Amino acid sequence: MVNDLLKTKSEHFFVPLTADYLNLVLKWRNSERVRVNMHTSTPITQSEHENWFAALNEDQNRQCWIYCQHQRPVGVLNFSQVKTAHIEWGCYLGEIDILPGSGLVLEWAALNWAMQQSSCLTLDAEVLSFNRSALKLHKLFGYEKIKSEQGGVRVLQDCGIEEPYQVHFFSYATKKWKDEQFKVLARMPKPIQKAISQIQFLEKE
């Protein structure tokens, strides 16, 4: 099934998360560079990961996609509340030797995917206050900040100090994205513009 999905000339595409990718995604989820921007930095066990995947497959309101560059899986794009007017999303890049600015491609892909869902009015996101790269990307694309809430406390691994953090809530109207997408695209570096032009979502047959 995976090989069939990868038969594309596009260099930037998304395929549904299947069991074939589970071990790779677990490695990504447990990497320090991904865990550092999550609510909890506790490593995920194999059993917890498998239970998460089973629940994902049973939930018609969620979708999870693997981002591939040059036929190589490099990250995850996930959506929840997909049957509603207000879809929520998140993402992370699991690999580091990838196209610089790949986060821009994920942001663009998420907004375009949401825009193509007939019932979607907004694409919403939650960002933890210490995830500065995500906050910067949302600002660049023009998300509206809705509110902020106290999120909790995390322990800084390098010094053991507890640090409180906030959760910031953002929203982007799909109608606005239809009007703004090409203005945003014009501000992108040329390699990112090329990558964006090749984005495909490949459905399972």
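Computed from a predicted model, the values in this text were never measured in an experiment.

Draft legend 1. View of the overall build of the chain. Helices and strands together make up the secondary structure of the chain, namely 8 helices and 8 strands. Whereas a compact globule of 205 residues would reach a radius of gyration of roughly 17 Å, the chain reaches 17 Å, a difference of no more than 12%. Taken over the C-alpha atoms alone, the chain extends approximately 45 × 35 × 35 Å along its principal axes. Counting every position in the chain, which comprises 205 residues, the buried fraction comes to 46%. Nonlocal contacts in the chain, meaning residues at least 24 apart in sequence, comprise 63% of its contacts between residues at least 6 apart. A total accessible area of about 11400 Å² is found for the chain, and carbon and sulfur atoms account for 51% of it. Each charge class in the chain was averaged separately, 23 positive and 23 negative side chains, and the resulting centres sit 8 Å apart.

Draft legend 2. Local environment of the pattern of salt bridges. According to the stated counting rule, one finds 5 salt bridges in the structure shown. Connected via shared salt-bridge partners are R72, E95 and D97.

Draft legend 3. Spatial organisation of the packing of aromatic side chains. All told, the structure shown has 9 aromatic pairs when counted by the stated rule. Judged by centre distance (4.8 Å) and plane angle (75°), the ring pair of W108 and W177 falls under edge-to-face. Pair noted here: W108 is in helix α5 (residues 102-115) and W177 is in helix α7 (residues 174-186), with a separation of 69 residues, a long-range link. Residue classification places W108 among the buried positions, given a relative accessible area of 4%. Judged by centre distance (5.1 Å) and plane angle (85°), the ring pair of Y143 and Y172 falls under edge-to-face. Of this pair, Y143 sits in the loop between α6 (132-141) and β6 (144-155) while Y172 sits in strand β7 (residues 162-173), and the two are 29 residues apart along the sequence. Like Y143, the residue Y172 is buried in the burial classification. Against the face of W52 rests R29, its NZ or CZ located 4.4 Å from the ring centre. Stacked on the ring of F169, the Lys or Arg K147 has its end atom at 5.0 Å from the ring centre.

Draft legend 4. Unusual backbone geometry, seen in detail. If you check the backbone angles, Q71 has positive phi at about 70° while not being a glycine. Note that Q71 resides in the loop between β2 (62-69) and β3 (72-80). With relative accessibility at 32%, the residue Q71 sits in the partly exposed group. We note that Q81 has phi near 55°; this positive angle belongs to a residue other than glycine. One can find Q81 in the loop between β3 and β4 (86-93).

Draft legend 5. Spotlight on the side chain of H49. Residue placement: H49 occurs in helix α4 (residues 46-58). Judged by relative accessible area, which is 0%, H49 ranks as buried. A polar contact is formed between the side chain of H49 and the backbone oxygen of L22, at a distance of 2.9 Å. Setting aside anything within four residues of it in sequence, one finds H49 in contact with L22, V25, L26, R29 and I44.

Draft legend 6. Up close: the pairing of β2. In terms of burial, β2 is a largely internal element, 6 of the 8 residues being buried. As judged from the 5 bridges shared by strand β1 (residues 12-16) and β2, these two strands associate in the antiparallel manner. Looking at the pairing, V15 lines up with I66 of β2.

Draft legend 7. Broad picture of α4. Between the first and last C-alpha of α4 there are 19 Å, a value that for 13 residues agrees with the 18 Å anticipated at 1.5 Å per step. Of all the residues in α4, the buried ones are H49, F53 and L56. An end-on view of α4 places all buried positions within 60° of arc, on one side of the element. Every exposed residue of α4 that faces more than 90 degrees away from the buried side is listed here: N51 and E58. Residues of α4 that are buried sit in contact with α2 (22-29) and β2.

Parameters at a glance
- Residues numbered from 1 in each chain as written.
- Predicted model: local features only at pLDDT ≥ 70, side-chain atom pairs only at ≥ 80, totals over all residues.
- Heavy atoms only, no water.
- Helix = DSSP H or I, 4+ residues; strand = E, 2+ residues; numbered from the N terminus.
- Rg over C-alpha atoms; globule rule 2.2 N^0.38 Å.
- Buried < 20%, exposed > 50% of the residue type's maximum accessible area, 1.4 Å probe, protein only.
- Contact = heavy atoms within 4.5 Å.
- Areas by Shrake-Rupley, 256 points an atom, 1.4 Å probe, with all protein chains shown as cover.
- Lys, Arg positive; Asp, Glu negative; His and termini not counted.
- Charge placed at Lys NZ, Arg CZ, Asp CG, Glu CD.
- Salt bridge = Lys/Arg side-chain N within 4 Å of Asp/Glu carboxyl O.
- Phe/Tyr/Trp six-rings, centres within 6.5 Å; stacked < 30°, edge-to-face > 60°.
- Lys NZ or Arg CZ within 6 Å of the ring centre and 35° of its normal.
- Polar contact = N/O pair within 3.5 Å; in protein donor to acceptor, adjacent residues only side chain to side chain.
- Pairing = 2+ DSSP bridges.
- Expected span 1.5 Å × (residues − 1).
- Arc of directions from axis to C-beta.

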